[in-house]
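Descriptive structure summary
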Amino acid sequence: MSIKNKSKPVIAALFSLWVFPFAANVQSAELDRIGTFDFPTSGSPAAQEHFIRGVGYLHSFGMVQAQAEFRSAQEIQPDFAMAYWGEAFTYQHPFFGQKDAGPGEALMRLGATSEERLAKAPTAREKGFLLAAEAYALTVGGMAERRIAWMNAMADLYAQYPDDNEVKAFYAASMLSGATASGEDRGRINMRAGALALELFKENDNHPGAAHYVIHSFDDPIHAPIALEAATAYADIAPAVSHARHMPTHIFIQHGMWNEVSVWNDSAFNAGLELWQEGDATGDMNHSSNWGQYGDLQLGDLEKSERWISRGQMVLDNAPDSARAAGTVKTMKARHIIESKQWQLQPFSDDLDATELLALGLSAAQLGDLAAANQVVAKLGTMLAASPDNGQLKLVHHEVAALTLHKESMQQAMVDVAKRQQAIELMQEAMKLRESQRAPNGAATPLKPVHELAAEMMLEMGMHDEAAELFGTSLLRLKNRPWSLLGAARSHKNLGEQAKASMMYESLLAVWSDDSHPAVQEAKQYLGY
């Protein structure tokens, strides 16, 4: 079954001008592949065919595609309870999405009461799935309460059917969902979900949910190696879904596999574009643009970074009411400045968001316009006073404030020790805060990694031991980032640690190879190339 767009000639024509040379082509055959699994139900053969496709899309979070298939199954068999079960999960991201009326409305079309709905589910297993959907869609409270209720309902179903692979798969998914609302237990629940998903993946390495949920479970710097096999497999399991093409890059980023991050997010973007129709959400294209640009910037490819920004702008032009599309463009523009270190001053405005202020503040400090930098610090301080619990805003404020103080401390012949100490203390506080948050996953947040900035400041202060240690910490958290590799190499060189410096310069050259780049020239000169 091929998936066709009814009408999108303008946006398709525009994007065709910006397809990257390495872009993976979206073939119609690929848009039929969703993985393989067995999910028997009481549905008629015709309805079951659409149901299976819906579940395949659902496992990969292809929500629009999944919803269309579940509704097709309902049209064929109006009382097919499992088709309504499936539809209930297609209205928001099950782990992070906002509360939506759609899940409950889908179930209400099956029956006005739980008794009516359960009467249309002929087996105990299907009744269990339906009760879990009711927990997800109808539990009183917000999404946190609903995610926990879904996890608990699926735990009951799994206790009854521990050998049923689809029960196991959706129990793993429900745990990943519930974990986001479980505070300090989040990591423990993620590991349990990952263990179940790994069992399923070992039994069926073409199961879309198994590979997908393994990736989500182990998406942190410590556990990511466990998921590399599943991530590599998932890249080819369900190419029909843009999100499935993007998901492996969660683990590729954790390994610093920048070429794969670039290529697979480009592929995800193209798949999302192929399926996009006017009025659809733009999330798949926004997300893949954001991460694809990050990968290309790590490779030092500024031209491709600018193309990603152009792509993002075209998405926004065709969906001007999309706040996410607008935010993605702002983020990519700011990231391009920060990662390229091509510092530039922009007109200050009260309308600038934290991401834009970060790029402006760092630029102003690096360019020596300390009045402009302090203007940004003041604005961020006002924003922080209004939102004192906003951890990300606090990190951005501390980064700009600390770098500004550091630059101010060196304005005179004698270092202003008090300002230097203030800068150090702000960065120590920022690092402590960042370490208290969720471990790094995906593109760096904030856009300038806190430990990397602190290390660069220490290096400039001549505190080479401290810089080397912080660059090492940064590389443990965000593997293979070239600016951290370069900083570590310089720190070890200044300490006379030739072997360590050589290793870092070699690692840098494995990422950057453009002989016109000063850092590449520096590395080759040190290594004697």
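Small disclaimer: the values here were computed from a predicted structure and weren't measured.

Scanning the protein chain for helices and strands turns up 27 helices and zero strands. Here the protein chain has a C-alpha radius of gyration of 25 Å; the compact-globule value for 529 residues is 24 Å, and the two agree. Considering only C-alpha atoms, the protein chain reaches an extent of 85 × 45 × 45 Å along its principal axes. Within the protein chain, the proportion of its 529 residues that are buried is 56%. Entry remark: accessible area of the protein chain is about 21700 Å², with carbon and sulfur atoms responsible for 52%. Of the charged side chains in the protein chain, 44 are positive and 64 negative; the average position of the first set lies 1 Å away from that of the second.

With respect to the element layout, Thr41 can be found in the loop between α1 (9-16) and α2 (45-59). Of the polar contacts made by the side chain of Thr41, one reaches the backbone nitrogen of Gly43; its length is 3.1 Å. In this structure Thr41 touches Gln48, Phe51, Phe80, Met82 and Glu126, once residues within four positions along its chain are discounted.

For the coordinates displayed, the defined rule picks out 21 aromatic pairs. Each ring, one from Tyr136 and one from Trp150, has its centre 5.2 Å from the other, and the planes form 65 degrees; the classification is edge-to-face. With Tyr136 in helix α7 (residues 124-138) and Trp150 in helix α8 (residues 143-160), this pair connects stretches of sequence that are 14 residues apart. Judged by relative accessible area, which is 3%, Trp150 ranks as buried. Joined through ring pairs, the aromatic side chains of Phe39, Phe51, Phe70, Phe80, Trp85, Phe89, Phe129, Tyr136, Trp150 and Phe170 make up one cluster. In this structure, Arg311 packs its charged tip against the face of Trp308, placed 4.7 Å from the ring centre. Over the ring of Trp483 we find Lys341, and its NZ or CZ is 4.1 Å from the ring centre.

Take helix α10 (residues 186-203) next. With 18 residues, α10 ought to run about 26 Å at 1.5 Å a step, and its terminal C-alpha atoms sit 26 Å apart, in line with that. Every buried residue of α10 is accounted for by Ile189, Asn190, Ala193, Gly194, Leu196, Ala197, Leu198, Leu200 and Phe201. Residues of α10 that are buried sit in contact with α8, α9 (165-179), α11 (208-217) and α12 (224-237).

Checked against the element boundaries, Glu126 lands in helix α7. Look at Glu126: it is buried, it has no salt bridge, and the nearest opposite charge is Arg125 at 5.0 Å. Once residues lying within four places of it in the same chain are set aside, the contact partners of Glu126 are Thr41, Ser42, Met82 and Ala121.

The next thing to look at is the confidence of the model for the protein chain. Chain-level pLDDT for the protein chain is 93 on average; 94% of the residues reach the 70-or-more range. Long-range and interchain partners of residues 1-29, a stretch whose pLDDT sits below 50, account for 59 contacts in this model, where long-range means more than four residues apart.

A separate point is the pattern of salt bridges. Scanning all chains against the criterion turns up 21 salt bridges. Across the salt bridge formed by Glu69 and Arg53, the nearest N and O atoms sit 3.9 Å from each other. One end of the pair, Glu69, is in helix α3 (residues 63-76); the other, Arg53, is in helix α2, and 16 residues separate them in sequence. Neither residue differs from the other here; Glu69 and Arg53 are each classed as buried.

Before going further, it helps to spend a moment on unusual backbone geometry. The omega torsion across Thr445 and Pro446 is -5 degrees, close enough to zero to call that bond cis. Residue position: Pro446 is located in the loop between α22 (417-436) and α23 (450-461). In this model, Phe61 sits at a positive phi of 60 degrees, which is unusual for a non-glycine residue. Structurally, the position occupied by Phe61 is in the loop between α2 and α3. Relative accessible area serves as the criterion here: at 8%, Phe61 is assigned to the buried category. The phi angle at Asn480 is positive, at roughly 70 degrees, despite the residue not being glycine.

Rules used throughout
Residues numbered from 1 in each chain as written. Predicted model: local features only at pLDDT ≥ 70, side-chain atom pairs only at ≥ 80, totals over all residues. Heavy atoms only, no water. Helix = DSSP H or I, 4+ residues; strand = E, 2+ residues; numbered from the N terminus. Rg over C-alpha atoms; globule rule 2.2 N^0.38 Å. Buried < 20%, exposed > 50% of the residue type's maximum accessible area, 1.4 Å probe, protein only. Areas by Shrake-Rupley, 256 points an atom, 1.4 Å probe, with all protein chains shown as cover. Lys, Arg positive; Asp, Glu negative; His and termini not counted. Charge placed at Lys NZ, Arg CZ, Asp CG, Glu CD. Polar contact = N/O pair within 3.5 Å; in protein donor to acceptor, adjacent residues only side chain to side chain. Contact = heavy atoms within 4.5 Å. Phe/Tyr/Trp six-rings, centres within 6.5 Å; stacked < 30°, edge-to-face > 60°. Lys NZ or Arg CZ within 6 Å of the ring centre and 35° of its normal. Expected span 1.5 Å × (residues − 1). Salt bridge = Lys/Arg side-chain N within 4 Å of Asp/Glu carboxyl O. pLDDT = per-residue confidence, 0-100.

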